[in-house]
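# Working through the structure, step by step
Below, each chain spelled out in residue letters.
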Amino acid sequence: VQLQASGGGLMQAGGSLRLSCVVSGRTFSNFGMGWFRQAPGKEREFVAAINWSGGSTLYADSVKGRFTISRDNAKNTVFLQVNSLKPEDTARYYCAAPHTAGAATRSEVFSYWGQGTLVTVSS
């Protein structure tokens, strides 16, 4: 299973980005997906998750109302729309694929990880 994330970049505070992650090597529509992030010097943290159909989503409190996770099962792709960016959103963002169909938040549930895409937010 391979996960290829893209869409990161250098943004000013208040800006928006759309992160994408294309998954290959498994039946994408059978499983949930998630996004995590790791800021310099900090531990990796959960950001958002979505179930197999897209009908159920979960978010970290720090991103609720600003980030939106979605998926296109026909394109084997999960997205993370990030709006109203803050400097504290600066991190490498990882997409991850769990071994479950539901929306999961615990990193140990996720079997596969992408290489990450870097988001840098300047004030």
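Below is a short write-up of the structure.

What follows concerns the overall build of the protein chain. Per the secondary structure count, the protein chain includes 0 helices and 11 strands. Along its sequence from the N terminus, the protein chain presents helices and strands in the succession β-β-β-β-β-β-β-β-β-β-β. Computed over C-alpha atoms, the radius of gyration of the protein chain comes to 13 Å, within 12% of the 14 Å expected from 2.2 N^0.38 for 123 residues, which places it in the range of a compact globule. The dimensions of the protein chain, computed from C-alpha atoms along their principal axes, are 40 × 25 × 25 Å. Considering only intrachain contacts with a sequence separation of at least 6, the fraction spanning at least 24 residues in the protein chain is 57%. Working note: accessible area of the protein chain is about 6000 Å², and carbon and sulfur atoms make up 47% of it. Mean positive and mean negative side-chain charge positions of the protein chain (12 and 7 charges, respectively) differ by 6 Å.

To continue, consider unusual backbone geometry. Of note in this structure, Asn76 is not a glycine but carries a positive phi near 50°. Assignment of secondary structure puts Asn76 in the loop between β7 (67–72) and β8 (77–82). By relative accessible area, which is 26% here, Asn76 ends up partly exposed. Even without being a glycine, Ser84 presents a positive backbone phi close to 50°. Residue position: Ser84 is located in the loop between β8 and β9 (91–98). Among the residues examined, Ser84 registers a relative accessible area of 41% and is labelled partly exposed.

Moving on to the state of the cysteines. Inspection of the entire model under this criterion finds 1 disulfide. The disulfide bridge from Cys21 ends at Cys95, spanning 2.0 Å between sulfur atoms. Sign of the S-S torsion, about 60° for the bond between Cys21 and Cys95, identifies this disulfide as right-handed. Separated by 74 residues along the polypeptide, Cys21 in strand β3 (residues 17–24) and Cys95 in strand β9 bring together distant segments of the chain. With relative accessibility at 0%, the residue Cys21 sits in the buried group.

It is a general feature of regular strands that their side chains alternate between the two faces of the sheet. Because side chains alternate across strand β1 (residues 2–6), one face comprises the buried residues Leu3 and Ala5, and the other comprises Gln2, Gln4 and Ser6, none of which is buried. Alignment of β1 against β3, held across 5 bridges, turns out to be antiparallel. The residue bridging Ser6 from the neighbouring strand is Ser20, located in β3.

Across the sheet, 4 strands lie side by side as β1-β3-β8-β7; this open sheet has antiparallel pairing. Strands at the two margins of the open sheet, each flanked by one partner only, are β1 and β7. Strand-to-strand twist in this sheet, taken as the mean axis angle between neighbours without regard to direction, amounts to 15°.

Scoring rules and cut-offs
- Residues numbered from 1 in each chain as written.
- Predicted model: local features only at pLDDT ≥ 70, side-chain atom pairs only at ≥ 80, totals over all residues.
- Heavy atoms only, no water.
- Helix = DSSP H or I, 4+ residues; strand = E, 2+ residues; numbered from the N terminus.
- Rg over C-alpha atoms; globule rule 2.2 N^0.38 Å.
- Contact = heavy atoms within 4.5 Å.
- Areas by Shrake-Rupley, 256 points an atom, 1.4 Å probe, with all protein chains shown as cover.
- Lys, Arg positive; Asp, Glu negative; His and termini not counted.
- Charge placed at Lys NZ, Arg CZ, Asp CG, Glu CD.
- Buried < 20%, exposed > 50% of the residue type's maximum accessible area, 1.4 Å probe, protein only.
- Disulfide = S-S within 2.5 Å.
- Pairing = 2+ DSSP bridges.
- Axes fitted to C-alpha atoms, helices over the stretch in contact; angles between N-to-C directions.

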